[in-house]
Amino acid sequence: MSSGQHAADSPKSGQRAAQNSPKGGRGGGSTIDPAEIEKFAAMAEAWWDPVGKFRPLHRLNPVRVQFIRDRTASHFGREAATPEPLTGLTLLDVGCGGGLLTEPMARLGATATGIDATGRNIEIARLHAAQTGTRITYLPCAAEDLVAKGQRFDIVLAMEIVEHVADVDAFLAALSRLVKPGGLLFMATMSRTAKSYLMAIVGAEYVLRWLPRGTHDWNRFIRPSELARGLRRHGLDIAELTGVSYNPLKDNFHLSRDLDVNYMALIKATEPIKPA
Ligand SMILES: C[S@@+](CC[C@H](N)C(=O)[O-])C[C@H]1O[C@@H](n2cnc3c(N)ncnc32)[C@H](O)[C@@H]1O
C-alpha cells in the first residue's frame, strides 16, 4: 500500500487539506509533499503505458493538447492549423511526469522545459524523449527552484498537479512568477464536489480500477472559485474556464460546461503597469 492510500479518511488529511487550501496556505513554503513524490516514484515505469496507471492522462491528452494549441495560437497571433504554431515560444511544463504533455508541446514547435519533483519521472521522460527524438530540457526540481533562478516562460502548464502539492498558495505564487507578463498559464485539476467523489474516487479508483486506490485525495480537490481566489492573491485572473467531461461510449474526453469534475483554466498574465 502506498503512503497516499486512504489519505482522504485519515485525520492527517484534514490538516493537509487546510494547509492545501489557497486561502489557508503558508506562502513561501516548499510545494513538495514527500508522500506524493513517493507515490509517483512507485508508478513511474507506467507513464507511457496507455492502458496502465496513467490511462486517464492518456485519454485527456488529445483534448488538452488541442485546447492549449488553439488558445496559444490565438493569443500570440498564430495560425493553429500550421504544423508548428508554437515555434519561437518558451514553454514550461510544471510537474511534467513522464512528459505526456511536454512531448506534444515540443512537437508543436515550443522550446519546451519539463520539471518534476519526482526524479524517477524525469529519468523516464528523458529516456522517452531520446527514443522519440524530441528536444526537451528536463529538470528534476520544483517550481520554486526555477523562480529562484529568475526564469520566466511565454507559456506555463500546471496540469493535474495543484491537487498534489504541499502548499497551494506557495505553488500559485511560484506559477505567477514563472509566466512572463503577456504570457499564458494553463491549469487543469478537479473540483471538490459530490460528483467528483463518485466519478474520480469511487468510479476511477474502486469500480473501473483505472487508478491505484489513494491516487487522489478528494479533500485536496479545488473548486474553480477557490482557484480563482487563490490566483487573484498573486495578481492573476482566470480568462476562461472549461469543463472536461468523459464519454464512456467513446472512451474519450471533450470540452464541456460541466465544471463539477475535471476542468481547465486559462490565465492571461497581464503586462506590468508601466511607470508614468
Ligand atoms: C498527476 S501527475 C500530472 C503529470 C502531468 N502534468 C500530466 O498532466 O500529464 C502530477 C505530477 O506532479 C509532480 N509533482 C507533485 N508535486 C510537485 C511539486 N511540488 N513540484 C514539481 N512536481 C510535482 C508529480 O511527481 C507528478 O509527476
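Residues numbered from 1 in each chain as written. Predicted model: local features only at pLDDT ≥ 70, side-chain atom pairs only at ≥ 80, totals over all residues. Heavy atoms only, no water.

Undergrad: Please explain empty space enclosed by the protein as it appears in this structure.
TA: Taking a probe equal in size to a water molecule and rolling it over the atoms shows the remaining empty space. Tallied over the full model, the rule gives 1 cavity of 30 Å³ or more. Considering only enclosed or pocket space, the largest cavity measures out at about 50 Å³ in volume. As for the largest cavity, its lining consists of L60, V63, R64, M159, E160, A188, V244, N262, Y263 and M264. Sorting the residues of the lining of the largest cavity by element identifies α3 (55–75) and β8 (262–268) as the ones contributing at least two each. Looking at side-chain class alone, the lining of the largest cavity contains 7 nonpolar, 1 polar and 2 charged residues. (1 Å grid on protein atoms, 1.4 Å probe; cavity = no way out; pocket = protein on both sides within 12 Å on 5 of 7 lines; lining within 4 Å. Points joined across faces, edges and corners; volume = space filled by probe spheres on them. Helix = DSSP H or I, 4+ residues; strand = E, 2+ residues; numbered from the N terminus. Nonpolar A, V, L, I, M, F, W, Y, C, P; charged D, E, K, R; others polar.)

Undergrad: Just checking my understanding: could you explain the side chain of R64 for this structure?
TA: Mapped onto the secondary structure, R64 falls in helix α3. One buried charge, R64, has no salt-bridge partner; the nearest side chain with opposite charge is E160, at 4.4 Å. Engagement of the side chain of R64 in a polar contact is seen with the side chain of N61, the distance being 2.8 Å. If we ignore the near neighbours within four places in the chain, the residues touching R64 are L57, L100, L101, M159, E160 and M264. (Buried < 20%, exposed > 50% of the residue type's maximum accessible area, 1.4 Å probe, protein only. Lys, Arg positive; Asp, Glu negative; His and termini not counted. Salt bridge = Lys/Arg side-chain N within 4 Å of Asp/Glu carboxyl O. Polar contact = N/O pair within 3.5 Å; in protein donor to acceptor, adjacent residues only side chain to side chain. Contact = heavy atoms within 4.5 Å.)

Undergrad: Just checking my understanding: could you explain the nonpolar core for this structure?
TA: For soluble globular proteins, nonpolar side chains are generally found buried alongside one another. In this structure, W47, L91, M105, L157, M159 and F186 are the most contacted members of the largest nonpolar core, which totals 39 residues. Those elements that place two or more of their residues in this core are α2 (34–43), α3, α4 (102–107), α5 (119–132), β3 (136–139), β4 (153–159), β5 (179–190) and β8. Per-element tally for this core: the top contributor is α3, with 6 residues. Core analysis: the next-biggest nonpolar cluster, separate from the first, contains 29 residues, V156, V162, M187 and A265 among them. (Core = buried A, V, L, I, M, F, W, Y, C linked by side-chain atoms within 4.5 Å.)

Undergrad: How should I be thinking about the site of the ligand in this particular structure?
TA: Neighbouring the ligand are 21 residues; R64, G95, D116, T118 and M159 lie closest to it. Contact between the ligand and A117: a nitrogen atom at 3.2 Å from a main-chain N or O atom of the residue. Between the ligand and N121 there is a distance of 2.9 Å, counted from an oxygen atom to a side-chain nitrogen or oxygen. The set of elements that each furnish at least two residues to the shell around the ligand consists of α2 and α3. Classifying every residue of the shell around the ligand gives 12 nonpolar, 6 polar and 3 charged. (Near = heavy atom within 4 Å.)

Undergrad: In this structure, what is going on with the sheet that holds β5? I would like to understand it.
TA: Remark on secondary structure: sheet strands pair via backbone hydrogen bonds, oriented parallel or antiparallel. Read from one edge to the other, the open sheet built from 8 strands follows the order β3-β2-β1-β4-β5-β8-β6-β7, with strand pairing classed as mixed. In this open sheet, the two edge strands, each paired with only one partner strand, are β3 and β7 (252–256). For this sheet, the mean angle separating the axes of adjacent strands, direction not counted, is 20°. In terms of strand pairing, strand β1 (residues 90–94) meets β4 through 3 bridges, oriented parallel. Note that in β4 the partner of L91 across the bridge is I155. On the sheet, helix α7 (residues 168–178) packs against β1, β4 and β5 and is oriented at approximately 145° with respect to β5. Packing against the sheet, helix α9 (residues 224–232) makes contact with β5, β6 (238–247) and β8, and its axis sits at approximately 150° to β6. (Pairing = 2+ DSSP bridges. Axes fitted to C-alpha atoms, helices over the stretch in contact; angles between N-to-C directions.)

Honestly, that's just the spatial picture; any functional story needs more than this.
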